[in-house]
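# Residue-level structure breakdown
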2 protein chains.
Amino acid sequence: MRIAIDAMGGDLAPTEIVAGALEAAQLWPDTEFVLVGDETAVAAELGAAARRVNLRLVHAPDQIEMDDDPARAVRRKPQSSLVRACALVASGEADAVFSAGNTGAVAAAALLGLGRIPGVSRPCVAVVLPAQGGKVIVCDAGACVDSKPEWVAQFGIMASLYAADVEAIANPRVGLLNIGEEACKGNALTKAAHEQLANAGLNWVGNVEGKAAFRGVADVIACDGFDGNLLLKVGEGVAEFIGQQFKQALTADWLAKLGGLLARHSLSAIKRRLDYAEYGGAFLLGVKGLVVIGHGCSTRRAVVSALRKTREGIEHGLVRRLAQRFADSDEAAA
Amino acid sequence: MRIAIDAMGGDLAPTEIVAGALEAAQLWPDTEFVLVGDETAVAAELGAAARRVNLRLVHAPDQIEMDDDPARAVRRKPQSSLVRACALVASGEADAVFSAGNTGAVAAAALLGLGRIPGVSRPCVAVVLPAQGGKVIVCDAGACVDSKPEWVAQFGIMASLYAADVEAIANPRVGLLNIGEEACKGNALTKAAHEQLANAGLNWVGNVEGKAAFRGVADVIACDGFDGNLLLKVGEGVAEFIGQQFKQALTADWLAKLGGLLARHSLSAIKRRLDYAEYGGAFLLGVKGLVVIGHGCSTRRAVVSALRKTREGIEHGLVRRLAQRFADSDEAAA
């Protein structure tokens, strides 16, 4: 298999992206990694490793910045590493693309370059987060705001299939992110989406409050992209805040310092457990090609995790399976 | 001053509510506390303390349950403790009302019983949360969903005045909860609300992402009630999840246990810092009367904190100040 990598996307690009790709190329000799980016910059990072048999470099003179307007940047920069990497998937030269760039730009480039799976209204981003007893998948995590209820239902359907196929969760329980447990709770969107999801043939568990999202009550939480992104970022913010409070507490006096020192090994285990870098990339679901988005500040370790997931997505034929699912529901509706 | 207390509202009512009121009555002999609820049940909790000079009991045979539909329950249960407690404020027999009941029901009862301040489109709930360097006020935290942009701007205006007057934050910095920092980011509501807030004469700091909300970049974060409630509950959920992870880590082996033991004093200090019970109640802003809402599972300690804040709200003439603010802006607009 072959994976195109946007070498210029992300806060730590190209250094960490190229380093991650190199590590992946060593780990998986059966996979070809195509680094798309500024030839000189990427070659400098690669050094002697540029001669590896399962690494290739494709030049792209331009790049999309984190603060570029996504849709506009994608149209105006056809020579950018991101747009070129997507084009490799569109032309069949690669089986998937990975980028740690601006999420909006990746979604826009994928939509423009690959198109939507027939029957899918809007693509969505499925993010995997740690939760009690394992993990929880939040979808959409920011690709699509101002959603219609039927789009949110599709997010649930796509994420459920992804959860079962790639995340190996049997018969995933699907819930809807909401501000109350009862069906009557929420805003106009969630009330309508509740009804749609309840009738979508999923393993439906109803509304899930933000408080319960990390308790493992659902494997998949469907939501509008604004709400999902809010959940994601509030989660990051609270984790950071509490982490700092703990750090302060464990350096407050010599007794606490000693305590922290003794518990250090055990505490660093949870730090790992809460670390996004362990969770790999987020899949963009609903486009005609496999697209994996990395965290903006992806390190080499995060890149390797994401590429591991990308390989699994290819192996499971995720895009084909999604297309089949929506073709089936078209038939059922016909 | 005189504060009406919904003795039957909250998961731990009437026991913890009455216990909190008793403690408050001892702390503040200058304030009369009027316990509204089932006479027999409240009297049983009060015991001999029922004879305190600054405690009074007003009978209300009915009560609103946590899972009642708010608006309907308020209309159908005029004899409920909540509706009666609000009526005491409407008739001038009390200066404020406190309830730890269903937030939606408190808002509905207050709106129906007290009415809106002229010029205010929708009442909102201002919740105080811990943040780096102090605290952050999120408003609206759940009273009003499907907001219009101008309502969100009013939430910011009301919470700013509350922050300055009651929370003693000089010239509070006001931001808008959003999923990106730039003005162009967000959904249709936040884009429009951004423009309104930027021109509202506030100490405006722009969009605040969920990630930054706890970093102390703003004193007030304005938002739609769905988004604010999501922030609040995701925050609770993540705090709970991380707390459990730490607990597990500090009992994983004997070394970690010893460490946890040594750091215990210091760790319980952050637990207190993150405890909602320290933060008092949330003010319902925009109605013609002072209304303070307690956390659903308020303990006696939380009730005392909330009553302390209620007294401050009365002392600062918060409702009068808000009414003045909106009368002024009416004049300015005329």
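The structure we're discussing is the one just above.
Read on for a plain summary of the structure. (Residues numbered from 1 in each chain as written. Chains lettered and ligands numbered in written order. Predicted model: local features only at pLDDT ≥ 70, side-chain atom pairs only at ≥ 80, totals over all residues. Heavy atoms only, no water.)

### Here we look at the pairing of strand 2 (residues 32-37) of chain A
All names here are of chain A. Definition in use: Each residue is placed in one exposure class: buried if its accessible area under a 1.4 Å probe, protein chains only, is under 20% of its type's maximum, exposed if it is over 50%, and partly exposed if it falls in between. Numbering of helices and strands runs from the N terminus; a helix is a DSSP stretch of H or I covering at least four residues, while a strand is a stretch of E covering at least two. Only strands that DSSP links by at least two bridges are regarded as paired with each other. The crossover handedness rule: strands pointing away from the viewer, path from first strand over the helix to second strand clockwise, crossover right-handed.
Where burial is concerned, most of strand 2 is hidden: six out of the six residues are buried. Taking every second residue as pointing to the same face, both faces of strand 2 are buried, with Glu32, Val34 and Val36 on one and Phe33, Leu35 and Gly37 on the other. In the sheet, strand 1 (residues 2-6) pairs with strand 2 via five bridges, with the strands oriented parallel. Paired with Ile3 across the strands is Phe33, a residue of strand 2. Across five bridges, strand 2 lies against strand 3 (residues 55-59) in parallel orientation. Bridging from a neighbouring strand, Val36 pairs with Val58 of strand 3. In this region the chain leaves strand 2, passes through helix 2 (residues 39-46) and returns to the parallel neighbour strand 3; the handedness of that crossover is right-handed.

### Regarding the interface of chain A and chain B
Counted only if it meets this: Should any heavy atoms of two residues lie within 4.5 Å, those residues are counted as being in contact. Accessible surface is computed with a 1.4 Å probe, and the buried area is the amount of it that two parts give up when combined, taken over both parts together. Salt bridge, as used here: a side-chain nitrogen of Lys or Arg that lies within 4 Å of a carboxyl oxygen of Asp or Glu. Identification of polar contacts relies on pairs of N or O atoms within 3.5 Å, with a donor-acceptor requirement for protein atoms, meaning one able to donate a hydrogen and the other able to accept it, and with residues adjacent in sequence counted only if both atoms are side-chain atoms.
Each partner contributes to the interface: chain A provides 51 residues, whereas chain B provides 51 residues. Summed over both partners, the interface of chain A with chain B buries about 5,000 Å², with 71% contributed by carbon and sulfur atoms. The largest share of the area that chain A buries against chain B comes from Ile179, Phe226 and Phe241 of chain A, three residues that together contribute 14% of it. At the junction of chain A and chain B, the tally comes to four salt bridges. The partner of Arg215 of chain B in a salt bridge is Glu240 of chain A, with the nearest N and O atoms 2.7 Å apart. One can count 12 residue pairs in polar contact (both at pLDDT 80 or more) joining chain A with chain B.

### Some remarks on empty space enclosed by the protein
Residues and elements named next belong to chain B. The following threshold applies: Using protein atoms alone on a 1 Å grid, points that fit a 1.4 Å probe yet trap it form a cavity, whereas open point sets bounded by protein on both sides within 12 Å along at least five of seven lines form a pocket; residues with an atom within 4 Å of a point count as lining. Grid points are joined across faces, edges and corners, and a volume is the space filled by probe spheres set on the points. Following the grouping adopted for this structure description, the nonpolar residues are Ala, Val, Leu, Ile, Met, Phe, Trp, Tyr, Cys and Pro, the charged ones are Asp, Glu, Lys and Arg, and the polar ones are all others, Gly among them.
This model, assessed by the stated rule, comprises seven cavities of 30 Å³ or more. Its boundaries defined by the atoms lining it, the largest cavity holds a volume of some 50 Å³. Surrounding the largest cavity, Asp6, Met8, Gly9, Gln63, Ile64, Ser81, Leu82, Ser99, Gly101, Asn102 and Ala105 form its lining. Grouping the amino acids of the lining of the largest cavity by side-chain chemistry returns four nonpolar, six polar and one charged.

### What to know about the sheet that holds strand 5 (residues 124-131) of chain A
Residue and element names in this part refer to chain A. The cut-off we apply is this: Whenever a helix is involved, its axis is fitted only over the stretch in contact; in every case the axis is a line through C-alpha atoms, and angles between N-to-C directions fall within 0 to 180 degrees.
Spatial strand order, 3-2-1-4-11-10-5-6-9-7-8: 11 strands in an open sheet with mixed pairing. Every interior strand has two partners, whereas the edge strands, strand 3 and strand 8 (203-209), have only one. Across the sheet, the mean angle from the axis of one strand to that of its neighbour is 25°, orientation sign disregarded. Sitting on the sheet, helix 4 (residues 81-90) touches strand 1, strand 2, strand 3, strand 4 (96-99) and strand 11 (290-293), and the angle it makes with strand 2 is about 145°. Contacts between helix 6 (residues 149-165) and the sheet are confined to strand 5, strand 6 (134-139), strand 7 (173-178), strand 9 (220-222) and strand 10 (282-285), with strand 9 contributing the most and set at about 165° to the helix.

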